[in-house]
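Next come the chains, spelled out residue by residue.
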Amino acid sequence: MSPGARLRLVVLAAAAVAALAAAPAAQADVLVSHVGSTLTETTGNGDGLVAPGEGFALTERIANSDSLVPSMTGVTGTLAYDPGTTAQAGPPLVSLANVFSNYPNLAFGAQGDNQASYTGTLASAAECGVNLPFVLSVASDQGPSTVPFQVRTGLAGPSVAWDSVDVPHAIPDGAATQSSLAVSAAGRVKDVRVRIGSIPHTRTGDVKIELVSPSGASVVLVNAEGGNGQDFSNTTFSDSAAQTIVGAAAPFTGTYRPLEPLSKMIGRSQQGTWYLRVTDQAAGNTGQIAAWGVDVRTAVCNANPIASFTATPNPALPGQAIALDASGSVSPTGTIAKYEWDVNNTGTFVDRGTVPTHSATFPTRGSYPVTLRVTDGLGRQSTSVVNLSVTVPPTAAMTSSPASPLTAEDVTLDASGSTDPDGLPIAKYEWDLTGTGTFTRDTGTTPTTTVQFATPGTKTVRVRVTDVDGATAVASRDIVVANRPPVAALAVPTPAVVGVLATFDAGASTDPDGAIVRYEWDLDGSGTYATDTGNVSTLPHTFNASGTYPIGVRVTDDQGVVSTIVQQVVATRAPVPSFTASANPTSLHRPVSFDATASADPDGTIARHEWDLDGNGTFETDTGSSPLASHVYDQNGTYAVKLRVTDDKGAQAQHTVNLVAANLAPTPALSVNPGRVPAGQPVTLDAGGSSDPDGTIVKYEWDLDGNGTFEKSTGATSSLTRSYPNPGGFTVGVRITDNDGATRTTTQSLTVLDAPAGGPGSGPGGSDPGSGGSGDPGGFPSVATGPLRATLSGSPLQRIAAVTLRGLAVGCQADRVATCALVLELRAADARRLGLRTARTIVLGRATLSVRSAGIRTGRVRLTAYGRYVLRRAPKVLVVMRATVRASALSVRLSRTFLLRR
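Residues numbered from 1 in each chain as written. Predicted model: local features only at pLDDT ≥ 70, side-chain atom pairs only at ≥ 80, totals over all residues. Heavy atoms only, no water.

## Thoughts on the overall build of the chain
Part 1: When you go through the chain residue by residue, the secondary structure sums to 4 helices and 68 strands.
Part 2: The C-alpha atoms of the chain give 58 Å as radius of gyration, which overshoots the globular expectation for 902 residues (29 Å, by more than 25%).
Part 3: Within the chain, buried positions represent 42% of all 902 residues.
Part 4: Taking the intrachain contacts of the chain between residues at least 6 apart in sequence as the baseline, contacts between residues at least 24 apart amount to 65%. (Helix = DSSP H or I, 4+ residues; strand = E, 2+ residues; numbered from the N terminus. Rg over C-alpha atoms; globule rule 2.2 N^0.38 Å. Buried < 20%, exposed > 50% of the residue type's maximum accessible area, 1.4 Å probe, protein only. Contact = heavy atoms within 4.5 Å.)

## What to know about the environment of Ile 426
Part 1: Within the element layout of this structure, Ile 426 appears in strand S32 (residues 426-432).
Part 2: The exposure class of Ile 426 is buried, given its relative accessible area of 12%.
Part 3: Separated by 30 residues in sequence, Ile 426 and Ala 396 place their C-alpha atoms 9.7 Å apart.
Part 4: Leaving out residues up to four positions away in the same chain, Ile 426 has contacts with Pro 394, Ser 418, Thr 419, Asp 420, Thr 445, Val 465 and Thr 466.

## What about the side chain of Asp 694?
Part 1: Turning to its location among the elements, Asp 694 is positioned in the loop between strand S54 (682-686) and strand S55 (697-703).
Part 2: One buried charged residue, Asp 694, forms no salt bridge at all, with the nearest opposite charge on Arg 590 at 5.9 Å.
Part 3: In this structure Asp 694 touches Ser 587, Leu 588, His 589, Arg 590, Ala 662, Asn 663, Leu 664, Asp 738 and Asp 740, once residues within four positions along its chain are discounted. (Lys, Arg positive; Asp, Glu negative; His and termini not counted. Salt bridge = Lys/Arg side-chain N within 4 Å of Asp/Glu carboxyl O.)

## Focus: the state of the cysteines
Part 1: In this structure the tally under the stated criterion is 2 disulfides.
Part 2: Two residues, Cys 128 and Cys 301, share a disulfide whose sulfurs are 2.0 Å apart. On the sign convention where negative is left-handed, the bridge of Cys 128 and Cys 301, at about 95 degrees about the S-S bond, is right-handed. Residue Cys 128 is located in the loop between strand S9 (118-122) and strand S10 (131-139), and its partner Cys 301 is located in the loop between strand S22 (291-300) and strand S23 (310-312); the two are separated by 173 residues in the primary sequence.
Part 3: We classify Cys 128 as buried; its relative accessible area is 18%.
Part 4: A sulfur-sulfur separation of 1.9 Å characterises the disulfide bridge that pairs Cys 812 with Cys 820. (Disulfide = S-S within 2.5 Å.)

## Description of the packing of aromatic side chains
Part 1: This model, assessed by the stated rule, comprises 14 aromatic pairs.
Part 2: A centroid spacing of 4.7 Å and a plane angle of 35 degrees characterise the contact between Phe 543 and Tyr 549, whose relative ring orientation is tilted.
Part 3: You can call Phe 543 buried: its relative accessible area is 3%.
Part 4: What makes Tyr 549 partly exposed here is its relative accessible area of 23%.
Part 5: Both rings, one in Tyr 724 and one in Phe 730, keep their centres 4.9 Å apart while their planes meet at 35 degrees; by these two values the pair is tilted. (Phe/Tyr/Trp six-rings, centres within 6.5 Å; stacked < 30°, edge-to-face > 60°.)

## Section: the side chain of Thr 466
Part 1: Position of Thr 466 among the secondary structure elements: in strand S35 (residues 457-467).
Part 2: Setting aside anything within four residues of it in sequence, one finds Thr 466 in contact with Ile 426, Ala 427, Lys 428, Glu 430, Ala 471 and Thr 472.

## As for the environment of Gln 230
Part 1: Residue position: Gln 230 is located in the loop between strand S17 (218-223) and strand S18 (232-237).
Part 2: With 203 residues separating them along the chain, Gln 230 and Gln 27 place their C-alpha atoms 59 Å apart.
Part 3: Each residue touching Gln 230, except ones within four places of it in the same chain, is listed here: His 201, Thr 202, Thr 204, Ala 250 and Pro 251.

## Details of the sheet that holds strand S43 (residues 562-572)
Part 1: Pairing in this open sheet of 5 strands is mixed, and the strands run S37-S43-S42-S39-S40 from one edge to the other. Looking at which strands have only one partner, the edges of the open sheet turn out to be strand S37 (496-497) and strand S40 (531-532).
Part 2: In this structure, strand S39 (residues 516-522) lies alongside strand S42 (residues 547-557), joined through 6 bridges in antiparallel fashion. When the bridges of S42 are listed, Arg 518 appears paired with Thr 556. (Pairing = 2+ DSSP bridges.)

## Regarding the sheet that holds strand S30 (residues 399-401)
Part 1: On the basis of which strands lie adjacent, the open sheet formed by 3 strands has the order S30-S31-S34 and antiparallel pairing. Both outer strands of the open sheet, S30 and strand S34 (448-451), are each paired with one neighbouring strand and no more. Sheet twist, expressed as the mean angle between neighbouring strand axes with direction ignored, is 25 degrees. (Axes fitted to C-alpha atoms, helices over the stretch in contact; angles between N-to-C directions.)

## Things to note about helix H4 (residues 865-872)
Part 1: Burial in H4 covers these residues: Gly 867, Val 870 and Leu 871. Down the axis of H4, the buried side of the element spans an arc of 95 degrees, and every buried residue falls inside it. Facing away from the buried side of H4, by more than 90 degrees, are the exposed residues Ala 865 and Arg 872.
Part 2: The elements touched by buried residues of H4 are helix H2 (800-806), strand S64 (818-826), strand S65 (842-851), strand S67 (876-887) and strand S68 (890-901). (Arc of directions from axis to C-beta.)

## Quick look at unusual backbone geometry
What is expected of a backbone is that most residues other than glycine have negative phi and most peptide bonds are trans.
Part 1: A cis amide bond links Asn 314 with the next residue in sequence, Pro 315, at an omega value of 10 degrees.
Part 2: Tracing the backbone through its elements, the reader meets Pro 315 in the loop between S23 and strand S24 (322-325).
Part 3: The linkage connecting Thr 494 with the following residue, Pro 495, adopts the cis geometry, with an omega of -5 degrees.
Part 4: Here Pro 495 is to be found in the loop between strand S36 (472-481) and S37.
Part 5: Unlike most non-glycine residues, Ala 224 shows phi in positive territory, near 60 degrees.
Part 6: Residues other than glycine seldom take positive phi values, yet Asn 345 does so here, at roughly 60 degrees.
Part 7: Here Asn 345 is to be found in the loop between strand S25 (336-342) and strand S26 (350-351).

## Notes on the pattern of salt bridges
Part 1: Inspection of the entire model under this criterion finds 28 salt bridges.
Part 2: Among the salt bridges present, the one from Arg 373 reaches Glu 340, with a minimum N-O distance of 2.9 Å. Taken as a pair, Arg 373 in strand S28 (residues 366-376) and Glu 340 in strand S25 lie far apart in primary sequence, 33 residues in all.
Part 3: Between Lys 649 and Asp 648 there is a salt bridge; the shortest N-O distance is 3.8 Å.
Part 4: Among the residues examined, Lys 649 registers a relative accessible area of 33% and is labelled partly exposed.
Part 5: One network of salt bridges, in which partners are shared, links Asp 163, Arg 193, Arg 195 and Asp 295.

## A look at the pairing of strand S29 (residues 381-390)
Within a regular strand, the side chains alternate between the two sheet faces.
Part 1: Looking at chain direction, S28 and S29 are connected through 10 bridges and run antiparallel. Directly across from Gly 366, in S29, lies its bridge partner Val 390.
Part 2: In this structure, the hairpin formed by S28 and S29 is closed by a connection of 4 residues, where Gly 379 is found at a positive phi of approximately 85 degrees.

## A word on the confidence of the model for the chain
Part 1: Here the chain shows a mean pLDDT of 89. Residues at 70 or above account for 93%.
Part 2: Every residue in residues 1-25 is under pLDDT 50, and counting partners more than four places away or in other chains gives 2 contacts. (pLDDT = per-residue confidence, 0-100.)

## Some words on the environment of Arg 872
Part 1: Looking at where Arg 872 falls in the secondary structure, it is placed in helix H4.
Part 2: Classification of Arg 872 as exposed rests on a relative accessible area of 53%.
Part 3: For the pair Arg 872 and Ser 184, spaced 688 residues apart in sequence, the C-alpha to C-alpha distance is 100 Å.
Part 4: Not counting the four nearest positions on each side in its chain, Arg 872 is found in contact with Thr 804 and Arg 902.

In C-alpha cells form, the structure reads like this:
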C-alpha cells in the first residue's frame, strides 16, 4: 500500500470516530406515573358536568417516579384516545382538539399538571358513566415515557336495591353453584354493594364467593375465611367498609371490605344478569344460597338533584307513625339545601330545611301519596312521590302434620288458618323452612307446602302471609324431628376355618339420618359387647376349635341410638384335598383319569369336588360327592389342574397338580417290494405298517433318490409305485406326519439291476426315470464290467433352471486312469413332445472328464445355446447322457437317463 493510500485510510477512520461521538445515544424510558385526572365542562348546558355531546377540558396530573432521575426537564405531553387499553369496540367516544401541552420541570417525587388544557368533545353516542381510555406520551430531556389512564364520567346517583329471586340453591360438597339476579334498568355502575341475606354453610373456611357482572367481570368477595365457623347472615360487602373480610371471624354479620375491590365494576353496564357464584373447595361440608342482592348506584350526567326517600313501615297500621327518610337524595354538584314534604296530597309542602327526615300518620286504611321536593344550593329542584299503604295487617297461623315426624318424612305445613281483619284475601304465602329468617319458598295463594328434615332435632319453620295491601304477618312453629335408629348389618365367613384369621364386617350398617360412630362386638354370645373398635367396622378373629359361635355387633349413631344384630358362625377345620392323575405326562387325545379319594376332612366329610381341568382358573367341572374326573388334552402343554373340595360345613381347600400333555410321535415302517429290481421294472414302496399311538397319520412324503429331500407327497395314501431306468443302489425313505404335526422318517435300500436285453429297457423312454422306460435307448449300460470297469452317476432328478445356468451334474468312475467323453442328447421322440419338428436326436451339450487315478471324477456338461433354448420350453423332459470311456487301448460305452423338471 502506498503512503498516500495509508493516509486516506487514517483520515476516514478519524472522521468515523468523530461522527459516532457526535451522534446522540438512545435514551431509556423514564418512569412517570399517573396521579389523577379532572374533566371540566367547556360547552353544554353549563351545569358543570360533562354529558354526552358536550365539550370538555382535561387536566392530567403526572409524577416523576424515577429515582434515577433527580429532575425531569423539558417535559411535554401528547394525549391520544386509546380504546385498545379496554378492548372497547365501536366508534371513538371522544374527539380531541388540543392534544399537546408543556409540563413543569419535575424533581423526583414531584407532581405537575399540563400547562395547557387538553380539550375535546364527548360523543353524543357515549353512555353516561362510561370510562374513557387515554394514553399520554411524555417526552423529556432525560427520556420518554408512556402513561395509560382512564377518566370516569358522570357522578353517582341514588342507590337502587335489586334482590335475587333465583333462590335457594344448594351448595354441593366440593363443587360450585351460582344464583342469578336480573337487572332490567340501563345505566353504568358508579358504586355497588353486595348484600348476602343468608348463606348457611357448616364451614365457611371451605367457601369462596364471587360476584359476576353481566359483562363477565368478576370480583372475589371472600375466599376461605372463618375456619370452622358457620354461616353468612345479613352480610354486606362494600369498598367503604372499615373492616376487611380477611381474618374476620364467622358467623359473618355486618359490613365488610371484600377481598377484591368492587370498584372493578365501575363504568360497566348494570343491565343484564348478575351472578353470585359460590364454590365449596373441600370435602365434608355443604350449604345453601338462600338470599342475596345488590345495591347499585348508576352514573348521572345531569347536575339537577335527585329526590329519593324511604318510608318505614310501609304498609303501616292506622295511626302508626311512619318515618320518612330522604337522606338517599343526591345533588351531583353540591349539597341538598332544603327538604320539603307534602304528606296530605294538598300541594302544600312542609319545609324541613336541611333535615332529611319527617314523619306521617294516617288514621284509616287507604293508599296515601307522599311527595318529597329537594332543592340544591343553586336552587335546582327535584321531586319524588311514594304511595304509602295504611292497613290492618293479617294474622298468620300455621299447623304442621305429623306433630313428631321422623327424619326424611314429609311434613305438611298449613297456613290456611291465617286471616285478614279487613276481610281481604291473603295474596301470598312465603315460607322460611331453614330457620334462618329468610323466606325462600313462595307458594303464591296456596296456603300449604311440604318439607323434609334430613337430621333430627328441633326445627323452626315460619310462614309470612301478605294481604292485598302488602301488609305482612309472620307465624313460626318449632317441630321436633325424631331420629331414625341405625340399621345394623353383619357379614361373617360361612364357614370360618379353625386356625385361619376370619373377618367380621359390619360396614354395610347404615344410619338414615346421620352416621354410625361406634362398633361394639360380642364374641361369646353372652350379650356383653366387650370389644369396642370405635368407628372401625371390621374385626379380625381366629377360632381355635370347631363349633357354632353366636357373634353380635352393636352399632351406635351420632345421636347415641343403638342397634344390634347377631349371626351364627360355624367354625370348622379345613378339608385336605389330594388327587392323582392316571398318566403324567400324558399323550394327546387320550382320556386322563383323576382320582381324589385320598382327600379327607378332619371333622366331617367331603361333600363336593370341583375341578379346573384345563388350568384356566375356573372350576368348570363339578363332580359333587364323587372324587373321580377325567379329561382329554388335545394340545401340548403343562396344565395346572386344580381340585377344590368343600366339606359338609362349607369349608373349602384347593390342591394343584401340574400335568404335562405331549403328543407321541408316530412310528414309521417302510417295505420295498421287490428290493432288487431290473431297471425299468416297477417297485412298490409301502409305509402302511406305520402307526401313531395317540392319533392318526395324515401325510406320507417320499425321498425317492436318497438325497434327503422328501420331494413327493401322497397325502394320506401310504404307498407309492415307481420304476428306475438306471441301475444302481438307492436309499429310499418315507416321512410320516400325524394329526398333531409330529413327524418321523425311516429308509430302506433298493438295488436296481441292468435291464435284460430286449426287455423294458430297450423300448422308448418314459416321462420319469422312476416311472419306467429305458435310460439306454442304444443298449449302452450305465455300469461296465470287464477289462475296463467304469460307471456313470449323478442325481437322476435335476432342476431345469440349474442345468440351464450351470450345466448337468454328472460323475464318471473308472478303475484306472481314463478319459470320459460325454454327450448330452435329447431323443427325437422327446423333442417332438416339446413341439420341435425333428427326426433326429438333438445334442444338447458335450464335455470331457479326466479320471486321473482309479476313482470318480465329477463335473458338469454345459449346454449349447440351442440346448438352453430347448430346455427353457419344457416343464420336464428326459435326457440321455452318453459316455465313451477310454484307457490306453481299452474303451467302453455307457449311458444314463436324467429327468429334468422345473
